[in-house]
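Structural features, examined
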Amino acid sequence: MEADIVIVGTGFFGLTIAERCANELGLKVLMLEKRNHIGGNAYSEADPETGIEIHKYGAHLFHTSNEKVWKYVNQFTSFTNYVHKVYTNHKGEVFPMPINLGTINQFFRAAYTPDEAKALIAEQAGELAGKDPENLNDKGISLIGRPLYEAFIKEYTGKQWQTDPKNLPASIISRLPVRYNYDNRYFNDTYEGLPTNGYTAWINAMVDNPNIEIKTETDFFDESQPYNKAALVGKIPVVYTGPLDRYFDYSEGKLSWRTIDFETEHLEVTDFQGTSVMNYADAEINYTRIIEPRHFHPEREYPEGKTVIMREFSRFANEDDEPYYPINSDDDRTALLAYREKAKQETDVLFGGRLGTYQYLDMHMAIGSALTAFENLVAPHFRDGAPFAAKEKAND
Ligand code: FAD
Ligand code: UDP
């Protein structure tokens, strides 16, 4: 097939651009994927032993308040009414997360009203009154006071980031709400759910068009295969969703990432923990949480007497590890700015997605930014001959 556009990476950013190009503009799209399957980190498959759907690269919960994204994704899948809730084990006792009135009353063995709890936390956070918390430690204390911070945040964060919370940016926990009522939904978004027939069915529906050709096990940097960087860039518009530093041969240094090791275990019980995610708040337990995927789909008929669980261990990513969470240290920020300048010179390449922009993006954000890039850059290029990759808009 003679392609009109090449897309490197088949995660949600690449899939969305491919789908729009083929279905909206009638273009011929060639997608390259290093792995042996499509879908990027949202990929899931049935566990051969139990049939339970396993999210291979970590639990993926879909949630969004973006009407456009919600309407878009519903063309390819319906969603179940799953509502994500998380619990946390502290000193052998289970509490609801994120911190809400239930957590506060259980922790202090009290029956505070919302106003009483607010007054208590304000008093306990008083040591930082008037200061603008810059690091995660101070931000945590100012949000929930020292006792709750030390019980539920300090050691968990230490395990997850392997960095003293005093050296982490405050923004990491800003996304965790604190509620003075008994609402323990994990996400605040308007829409939430899991794809009814699984992530793979959703992903396949997005590329169900004969004009989309996909080559898996094809690395864009492998010059022994014909669809490589040297052969394609400058000759055809390229959407690149692989790692930004890799594209430039790490010339400005390596951007650092955190990865997760998953320890999977099969157990001869129907239900191991009664919920999908149990966090472990204390440092003595060296994993951060246990996922039990059968609870993501209570509506399905999964077998009795067996289940599968995954313990998660977080650590810095080495070269061969899956890059999961950008660390964003000062060195990373400096390198990132230099890479962004270089990316601006690549006028035939659109850099997108979480690896291509070195950003943590939820699925709805990856899809939303791909829809915007399609509307502002890709479609005007093919319709009217506008420049393919006006970088100020795409990467800043
Ligand atoms: P990716 O999905 O990473 O896709 C990039 C693709 O490019 C990959 O398939 C990769 O193999 C391919 N690639 C890279 N280099 C090359 C190359 N040289 N040649 C060819 N192909 C290449 N989001 C949520 O909304 N809810 C969640 O609960 C959630 N949980 C998450 C949990 C974890 C552990 C992680 C890591 C992420 C989670 N996310 C979640 C985020 C979600 O995974 C991303 O939003 C989504 O993957 C972004 O898609 P993408 O296309 O940007 O990148
Ligand atoms: N966090 C915590 N205790 C918990 C859950 C979260 O301290 O029980 C902190 C931790 O620093 C984490 C951040 O809140 O990195 C964001 O939590 P979230 O669950 O959104 O993180 P993710 O699982 O996406 O890394």
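Residues numbered from 1 in each chain as written. Chains lettered and ligands numbered in written order. Predicted model: local features only at pLDDT ≥ 70, side-chain atom pairs only at ≥ 80, totals over all residues. Heavy atoms only, no water.

Okay, the site of ligand 1 next. Inspection of the region around ligand 1 gives 34 residues, with Glu-33, His-60, Leu-61, Leu-361 and Met-363 positioned closest. Contact between ligand 1 and Lys-34: a nitrogen atom at 3.1 Å from a main-chain N or O atom of the residue. At a separation of 3.2 Å, a nitrogen atom of ligand 1 approaches a polar backbone atom of Phe-220. Notes on ligand 1: free accessible area 1,000 Å², of which the protein chains cover 97%. (Near = heavy atom within 4 Å. Polar contact = N/O pair within 3.5 Å; in protein donor to acceptor, adjacent residues only side chain to side chain. Areas by Shrake-Rupley, 256 points an atom, 1.4 Å probe, with all protein chains shown as cover.)

Moving on, we get to the site of ligand 2. Near ligand 2 lie 15 residues; those nearest to it are Thr-157, Gln-160, Tyr-186, Asn-279 and Arg-289. Within the side chain of Gln-160, an N or O atom sits 2.8 Å from an oxygen atom of ligand 2. Between ligand 2 and Trp-161, the relevant distance is 3.0 Å, taken from an oxygen atom to a side-chain nitrogen or oxygen of the residue. For ligand 2, whose unbound accessible area comes to 510 Å², protein coverage reaches 93%. Those elements that provide at least two residues to the shell around ligand 2 are α5 (136-161) and α6 (171-174). Here the element with the most residues in the shell around ligand 2 is α5; it accounts for six residues. (Helix = DSSP H or I, 4+ residues; strand = E, 2+ residues; numbered from the N terminus.)

Right, let's talk about the sheet that holds strand β2 (residues 29-32) for a bit. In any sheet, the strands associate via hydrogen bonds between backbone groups, in a parallel or an antiparallel arrangement. Sheet architecture is open: five strands sit in the order β9-β2-β1-β10-β16, paired in parallel fashion. The open sheet is flanked by β9 (212-215) and β16 (349-351), the only strands paired with a single partner. Mean inter-strand twist for the sheet, computed between neighbouring axes without regard to direction, equals 20°. Of the strand pairs in this sheet, strand β10 (residues 238-240) and β16 are connected by three bridges, and their pairing is parallel. Of the residues in β16, the one forming a bridge with Tyr-240 is Phe-351. Where helix α1 (residues 12-25) meets the sheet, it contacts β1 (5-8), β2, β9 and β10, and its direction lies at approximately 165° from that of β2. (Pairing = 2+ DSSP bridges. Axes fitted to C-alpha atoms, helices over the stretch in contact; angles between N-to-C directions. Contact = heavy atoms within 4.5 Å.)

Here we take up the pattern of salt bridges. Across all of its chains, the model carries 20 salt bridges by this definition. Glu-322 is paired through a salt bridge with Arg-35; the nearest N and O atoms lie 2.8 Å apart. Here the residue Glu-322 occupies a position in the loop between β14 (307-316) and β15 (325-326), and Arg-35 occupies one in the loop between β2 and β3 (44-46), the gap between them amounting to 287 residues. With a relative accessible area of 17%, Arg-35 lands in the buried category. Close ionic contact of Glu-263 with Arg-311 constitutes a salt bridge, the shortest N to O distance being 3.3 Å. Linking Glu-263 in strand β11 (residues 257-267) with Arg-311 in strand β14, this pair joins segments that are 48 residues apart in sequence. With a relative accessible area of 38%, Glu-263 lands in the partly exposed category. Through salt bridges with shared partners, one network takes in Glu-19, Arg-20, Glu-24 and Arg-383. (Salt bridge = Lys/Arg side-chain N within 4 Å of Asp/Glu carboxyl O. Buried < 20%, exposed > 50% of the residue type's maximum accessible area, 1.4 Å probe, protein only.)

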